[in-house]
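Each chain, written out:
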Amino acid sequence: STDGGRNLSLDSIPMGLPMSDPSAWATAMNNLGMAPMGMTGQPLLPDFDPALGMMTGIPPINPMMPGLGIVPPPIPPDMPAVKEIIHCKSCTLFPPNPHLPPPATRERPPGCKTVFVGGLPENGTEQIIMEVFEQCGEVIAIRKSKKNFCHIRFAEEFMVDKALYLSGYRIRLGSSTDKKDTGRLHVDFAQARDDLYEWECRQRMLAREERHRRRLAEERFRPPSPPPVVHYSDHECSVVAEKLKDDTKFSEAIQTLLTWIERGEVNRRTANNFYSMIQSANSHIRRLVNEKAAHEKEMEEAKEKFKLALSGILVQFEQIVAVYHSASKQKAWDHFTKAQRKNISVWCKQAEEIRNIHNDELMGIRREEEMEMSDEEIEDPSEMKETEESALVSQVEALKEENDSLRWQLDAYRNEVELLKQEQGKASRDEDTTKEQQMKLLQQALQGMQKHLLKVQEEYKKREAELEKVKEDKLKVETLLENLKEQESSTSRVCACSQERECPVEKTLSNSPVKSEREVLLVGIISTFLHVHPFGASIEYICSYLQRLDSKICTAEVEVLMTRLQNTFRQELSGVGASLEKRWKFCGFDGLKMT
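Residues numbered from 1 in each chain as written. Predicted model: local features only at pLDDT ≥ 70, side-chain atom pairs only at ≥ 80, totals over all residues. Heavy atoms only, no water.

As recorded by an unreviewed UniProt entry, the chain carries the name ENOX2 protein and is attributed to Elachura formosa. Of the comments in the UniProt record for the chain, the one headed Sequence similarities (unreviewed entry) reads "Belongs to the ENOX family." (UniProt positions renumbered as here; feature names shortened; annotations may be inferred.)

Here's what the structure looks like:
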C-alpha cells in the first residue's frame, strides 16, 4: 500500500526507531524555525526560508521520531497542533482530535524525570510500554500496576516533555479491535522521591559552587592585611634599634617604632631606649637628602639624553619631509599614479604634523633651560659667596649635630647604667622591706594566737564552774526524788491496808486479768470492734484500728491481753494450707453464761 511504501522499516533507520514519513524530519525542523538538515548533516531543502514558517505541501511532523533530540516548543493557541499516526512493532498509536483542547496536566515538580501513564490496554505488557516510550529517550525503570496504569522514569528531564506529547493518543495492540487491546493514553507529570532527591543534590552542588566562586572573588578583591607589629620588650627593642641602623630594613623598623609610641609604650624606664631609636631615625635624614640629590642628578642626565635623542629624531623627520617635498615636484610627480600621489601627500602631512609636535617639545625644553640660566645670571656674585658660606655653615651645623648626637648617646648609656644600679638597689631594699613586713606579720599573728588562747582558757574555766554547779544541783534533785519515792511507798502501803480492811472485793479485782484502766478501755474498744465483725478479724486488722486512736499501742500487748481474757475473746483458724489465717472473735455473751 501507499502507507507501507512511505513508512520506513526498523532496519532502514540508523537510530532503530520508526519514522512515519521521510519528509517529516524536514517538516519538524521547519516548524521549529531551523534549517532542515538530514540525518547525515546534508540540507534537505535548499530553498528553505526560515521566515516562511510552516511550508505548504509537506505533511506535519512527528516530534517523537528518532534524531529529534530537542523538546518541541509550545504551540501557539491560534495554530492547531496536528499529530499523526505512530506505528510500532506490536501496536499503533492514533492521534487525538486536533480540535479538542490539550489534555490537562498537573504542575511540574522540580527535577521531574518520572511520568504517569494511564489508560493502558488491559492486555498491555511492559515490553509494549517500553516499545512506545523508548522513542522519547532512555528508560531507566517501569513500574506497572494491575489497574491499567504505570510509572516510567527517564534518564533526563527533557525526555518527560517528549512523553507528554503522547498524551491523548489512542493505542491499539496489533490489528485487534477487542476492548482489552485498546486504550486512550493519559500522560502526566509524576512526583517521585528519587527525582526530588537528585534535583536537591544538584541544587546543593550548584549552591556550593556559587559560594566557592563568591569566596574566591571576595578573597581576590580583599586588600592584604598589614603584617602584625610585635609587642614591646627589651629584646625586640634591641632588634628594632639594629634594624634602624640598616638602610634596607629602615622602613619596617620605623613603622614598628611609630606603632609602639602610639600604643603608649614610652615610660620612665623605656624613655632612653626610645630616645636612642628616635636619634637613629634622625640620622637617616642626611642619607635621604643625599639620595634625593643623586636622583635629581640622574634626572638631569636623563633630560640631556632625552634632548639629544629628540634633536636626532627631529633631524631624521626633516630629512623625511624633504624627501616628500622633492617627490612632490613636477619632475617626479608626473610619473606617479593617482593612488600613489594621494598616499604621498597623506604621508607628507602626517610627517609634518609629527615633526611640528616634536619641535615644539624641544623648543619648550630649551626655553626652560634659558629661563633657568637667566635666573642664575641675575644672581649677584655676592649671593654666590653667600651660598658657599651657607654651604660651609650647613656642614659645620651637621658636624655639630653629629657631635651632639654622640654626646646624647653617651648620656643615654650613662642614664641606663644609673637606672640599672638604682633598680638593683631598689630590688635589695625591696627584699629587706618585704622581710621586715613578713616578720611584723608573723609577730602580729603570734600575738593574736596568744590572745585567743587566753580567751579559750577563760571560757574553759567558766564551763568547768558551770558543770560543778550542775552536778551539785543534780545530786540535790536525786536526793529529793528518793525522799519522795519513800513517802509514796509508805502512803501506798497505808492505803493498801485500809483498802484491804474496807473493800475485800477489790482484792478479787486485783487478781483479775485486767490490771489497769487502760486495759479496760482496750477490752471495751476491741469488744465493740469484734461485735461489728461477727466473722472475726486478724490481730493486724485490730491493731491497725487501735493505732488510729493511739499510735503507742503495739501488737504484742494487744495479743497478750486478748489471750488473758479467754472467756471474752476466742482465736479460731480459718482457711486451708497457704491461706490458713488466725481470726479473733468476741465470745463475751457465751463466757458470761459460763462464768
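(A) Just helix H6 (residues 234-245), in detail. Relative to the 16 Å expected for 12 residues at 1.5 Å per residue, H6 spans 17 Å between its end C-alpha atoms, a close match to the ideal helical length. Taken as a whole, H6 has its buried residues at Cys-237, Val-240, Ala-241 and Leu-244. All buried residues of H6 lie within an arc of 105 degrees about the axis, which places them on one face of the element. Set apart from the buried face of H6 by more than 90 degrees, the exposed residues are His-235 and Glu-242. (Helix = DSSP H or I, 4+ residues; strand = E, 2+ residues; numbered from the N terminus. Expected span 1.5 Å × (residues − 1). Buried < 20%, exposed > 50% of the residue type's maximum accessible area, 1.4 Å probe, protein only. Arc of directions from axis to C-beta.)

(B) Structural view of the environment of Ser-328. Mapped onto the elements of the fold, Ser-328 is located in the loop between helix H9 (284-327) and helix H10 (330-333). The exposure class assigned to Ser-328 is partly exposed, which follows from its relative accessible area of 36%. Distance from Ser-328 to Arg-341, taken between C-alpha atoms, is 8.1 Å for residues 13 residues apart in sequence. Polar side-chain contacts of Ser-328 include one of 2.8 Å to the backbone oxygen of Tyr-324. (Polar contact = N/O pair within 3.5 Å; in protein donor to acceptor, adjacent residues only side chain to side chain.)

(C) Up close: empty space enclosed by the protein. Taken as a whole and assessed by the stated rule, the structure comprises 2 cavities of 30 Å³ or more. When its volume is computed, the largest cavity comes out at roughly 50 Å³. Surrounding the largest cavity, Leu-120, Pro-121, Gly-124, Thr-125, Ile-128, Ile-129, Val-132, Phe-133, Ile-171 and Leu-185 form its lining. For the lining of the largest cavity, the element with the most residues is helix H3 (residues 126-133), which contributes 4 residues. Taken together, the residues of the lining of the largest cavity sort by class into 8 nonpolar, 2 polar and no charged. Computed from the structure, the second largest cavity encloses a volume of approximately 40 Å³. Surrounding the second largest cavity, Pro-109, Pro-110, Cys-112, Gln-191, Ala-192, Asp-195 and Leu-196 form its lining. Considered class by class, the residues forming the lining of the second largest cavity number 5 nonpolar, 1 polar and 1 charged. (1 Å grid on protein atoms, 1.4 Å probe; cavity = no way out; pocket = protein on both sides within 12 Å on 5 of 7 lines; lining within 4 Å. Points joined across faces, edges and corners; volume = space filled by probe spheres on them. Nonpolar A, V, L, I, M, F, W, Y, C, P; charged D, E, K, R; others polar.)

(D) Structural view of the packing of aromatic side chains. Here the structure, examined in full by the defined rule, presents 9 aromatic pairs. Taking the centre distance of 6.3 Å and the plane angle of 45 degrees together, the rings of Tyr-165 and Tyr-169 count as tilted. Pair check on accessibility: Tyr-165 and Tyr-169 agree, each one buried. Look at Trp-260 and Phe-274: their rings are 6.5 Å apart centre to centre, the planes differ by 80 degrees, and that puts the pair in the edge-to-face class. You can see Trp-260 sitting in helix H7 (residues 250-263) and its partner Phe-274 sitting in helix H8 (residues 271-282), a full 14 residues away along the chain. Residue Trp-260 shares its accessibility class with Phe-274, and that shared class is buried. (Phe/Tyr/Trp six-rings, centres within 6.5 Å; stacked < 30°, edge-to-face > 60°.)

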